[in-house]
Protein chains: 2
Amino acid sequence: MQNLQKEADLARDYLEKIATLAEKKFDEHLPPETDIPCNLHKAMRYSVFAGGKRLRPGLACAAFELFGGKGDSIWYATSALEFLHTFSLIHDDLPCIDNDDLRRGKPTAHKQFGEATAVMSGDALCVLAFELIAKTGNPQAMESLAHKLGTYGMIGGEMTDIDSEGKDVSLEVVDYIHYHKTAALIEASLVIGAQLAGASESDIQKVEAYGRSIGLAFQIVDDILDIVSTTEELGKDAGSDIASGKATYPALVGLDNSRKKAQELYEESLKQLEGLHGDTSVLKAIAAFIITRVK
Amino acid sequence: MQNLQKEADLARDYLEKIATLAEKKFDEHLPPETDIPCNLHKAMRYSVFAGGKRLRPGLACAAFELFGGKGDSIWYATSALEFLHTFSLIHDDLPCIDNDDLRRGKPTAHKQFGEATAVMSGDALCVLAFELIAKTGNPQAMESLAHKLGTYGMIGGEMTDIDSEGKDVSLEVVDYIHYHKTAALIEASLVIGAQLAGASESDIQKVEAYGRSIGLAFQIVDDILDIVSTTEELGKDAGSDIASGKATYPALVGLDNSRKKAQELYEESLKQLEGLHGDTSVLKAIAAFIITRVK
């Protein structure tokens, strides 16, 4: 466990380093608030700069570096990935979906700017993300990103999550939701980083499988923290999953078994990296960070 | 005027021919309703197949043919353009935006499937559109499509339209709204058709300028019809613009001057096509169709 903590600290340092660089690019890639429609651009910046670990940009950079990627194209991808993540959060928080008032310790977009602007700012971040990924000149990366995001990926998981609220669902359905709603964009981050570095198909599949394992682990830990943390610690409404009857691992198998499952997924993720040449220490450290994080 | 009607009939035949082919591709490109999440796929198909002139696919094909385009890549673009148009309609109709109950004579998506599924089906159509345009293997087409759609294009126009409701706005603002909300995606249709055919930059700019003129004409005629037509003729809530205090040409300059402006834009659009080699008769006919249509 002490070793895990050391690994997690290493990952935290790496993610903070990438976050600083990536956020400079977010600022370059987002339209200025002085451009019309000013309020929409303000709302886009508000949500993107509300904070966050910038995990997806970190994973994309780690995969890009692992496979010896060169050049600046990766920064289009890191902005695209974070903007798409933000787009999904803004729409998830809407009154007609999760109806959350708090996100990262701040009022959610619809609370701050109204519902219409929130919907539009999510749409605009999604479209801008695809404009940026197009600038990489890599149609393969564009296609895999869109596919991981669509109804066979993130949006499919969100929709099933919404449809499952308040229902008794099996662990299979919970796995489907988490693998799609959460893991898909994490997989995409690794796949795109690898694609932009020119990795081989079999190497891309290895980091994709790693992403699938840590993606599910990430969601399970998130759901554990939703129960054991306070709203203040979390920066979003704690206990909201139980309140809304969301299907989660803790709800179905309890806290202890959920922690065990996260540990298993951590070990599984390390196995996925076996056989890769190059330095996988950052990816291993990020896996440790994911299962040990407390917020 | 009789000549205009002949031209319009020619355009109607062309658009119907393209619509039949394009709709076969929509069906291929949309996920089956039997795939999870079934209800989301059902909602996507409901909105796409609710009808419509398929003007954007028609314009993309006309530009593609004008510049001697070969191959099937254009059909990815026609689906992408129509799915993006549908995405914008679904979100525009939401209770928090225009709150429309009828679209093309049918209940709007949120009336039929609920608000959460409507938001998600719009998001999913947007993402699917970019997956399809990526399949053309043409990053330039994807970038111009995303740019025309974003906050400097369609979404920027939509947001300004929402912000202007019930306010006294100048004709300059109305032009800004129409050029962005309506013309931008029409321009994109022509630009992408031309790009996929390998047209030169100067030729692309000519059809783009043509699209800008007919795009504004299209919106002005739309706003005229909103006043002079019944809900039954229109298939959507007639008079809804006045009811919601929307900024339109008829509202600002009256019906007669609005008709004059549409005629001027028609003539302007024909001028934009001058100097193009190849057969521009279809584009000229579509311009005539746009200013003579009665629904």
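In this text the structure is predicted, and so the values were computed from the model without any measurement.

Caption draft 1: Looking closely at the interface of chain A and chain B. Taken together, the 45 residues of chain A in the interface contact 44 residues of chain B. Both sides of the chain A and chain B interface together cover about 3700 Å² of buried area, and 73% of this is carbon and sulfur. The largest per-residue losses of area from chain A upon contact with chain B belong to M120, V127 and M159 of chain A, which jointly make up 16% of the total buried on that side. Linking chain A with chain B are two salt bridges, by the criterion used here. One salt bridge connects K135 of chain A with E143 of chain B, and the closest N-O pair in it is separated by 2.8 Å. At the boundary of chain A with chain B, the tally comes to ten residue pairs in polar contact (both at pLDDT 80 or more). Mapped by element, the contributors of at least two residues to the side of chain A that touches chain B are α2 (38-48), α4 (73-92), α6 (115-134), α7 (139-149) and α8 (154-164) of chain A.

Caption draft 2: Quick look at the packing of α4 of chain A against α6 of chain A. All names here are of chain A. Two elements in contact, α4 and α6, have axes separated by 8 Å at closest approach and are oriented at 160°. In terms of orientation, α4 and α6 fall into the roughly antiparallel class. The element α4 and its partner α6 pack so that their crossing is left-handed. Where α4 abuts α6, its residues Y76, A77, S79, A80, F83, L84, T86, F87, I90 and H91 lie against A118, V119, S121, G122, D123, L125, C126, L128, A129, F130, L132 and I133. Looking at the contact of α4 with α6 residue by residue, the class counts come to 16 nonpolar, five polar and one charged.

Caption draft 3: A look at the relation of the copies chain A and chain B. By a simple turn and slide, chain A fits onto chain B: the slide is 0.0 Å along the axis, the RMSD is 0.0 Å, and the turn is 180°. This pairing of chains is accounted for by a two-fold axis. Residue P139 of chain A of chain A places its C-alpha closer to the rotation axis than any other residue of that unit, at 3.0 Å. An overlap of 98% is found between the interface residues of chain A and their copies at the interface of chain B, pointing to a shared contact surface.

Caption draft 4: Spotlight on the packing of aromatic side chains. Applying the stated criterion to the full structure yields seven aromatic pairs over all chains. Plain terms: the ring middles of F26 of chain B and F49 of chain B are 6.4 Å apart, the flat faces sit at 50° to each other, and that makes the pair tilted. Placement of the pair is F26 of chain B in helix α1 (residues 2-29) and F49 of chain B in the loop between α2 (38-48) and α3 (55-66), with a sequence separation of 23 residues. Of the residues examined, F26 of chain B reaches a relative accessible area of 0% and is grouped as buried. Assessed through its relative accessible area of 32%, F49 of chain B is described here as partly exposed. Grouping aromatic residues by their ring pairs yields a cluster made of F26, F49 and F83 of chain A. Over the aromatic face of F218 of chain B sits the side chain of R56 of chain B, whose NZ or CZ is 6.0 Å from the ring centroid. For R212 of chain B, the ring lying beneath its charged end belongs to Y179 of chain B, and the centroid distance is 3.7 Å.

Procedures and definitions
- Residues numbered from 1 in each chain as written.
- Chains lettered and ligands numbered in written order.
- Predicted model: local features only at pLDDT ≥ 70, side-chain atom pairs only at ≥ 80, totals over all residues.
- Heavy atoms only, no water.
- Contact = heavy atoms within 4.5 Å.
- Buried area = accessible area lost by both parts, 1.4 Å probe.
- Salt bridge = Lys/Arg side-chain N within 4 Å of Asp/Glu carboxyl O.
- Polar contact = N/O pair within 3.5 Å; in protein donor to acceptor, adjacent residues only side chain to side chain.
- Helix = DSSP H or I, 4+ residues; strand = E, 2+ residues; numbered from the N terminus.
- Axes fitted to C-alpha atoms, helices over the stretch in contact; angles between N-to-C directions.
- Parallel < 35°, antiparallel > 145°, perpendicular 65-115°, else oblique.
- Left-handed = near helix turned anticlockwise from the far one by under 90°.
- Nonpolar A, V, L, I, M, F, W, Y, C, P; charged D, E, K, R; others polar.
- Least-squares fit on C-alpha atoms with pLDDT ≥ 70 in both.
- Phe/Tyr/Trp six-rings, centres within 6.5 Å; stacked < 30°, edge-to-face > 60°.
- Buried < 20%, exposed > 50% of the residue type's maximum accessible area, 1.4 Å probe, protein only.
- Lys NZ or Arg CZ within 6 Å of the ring centre and 35° of its normal.

From the geometry alone we can't say anything about function, so treat these as descriptive.
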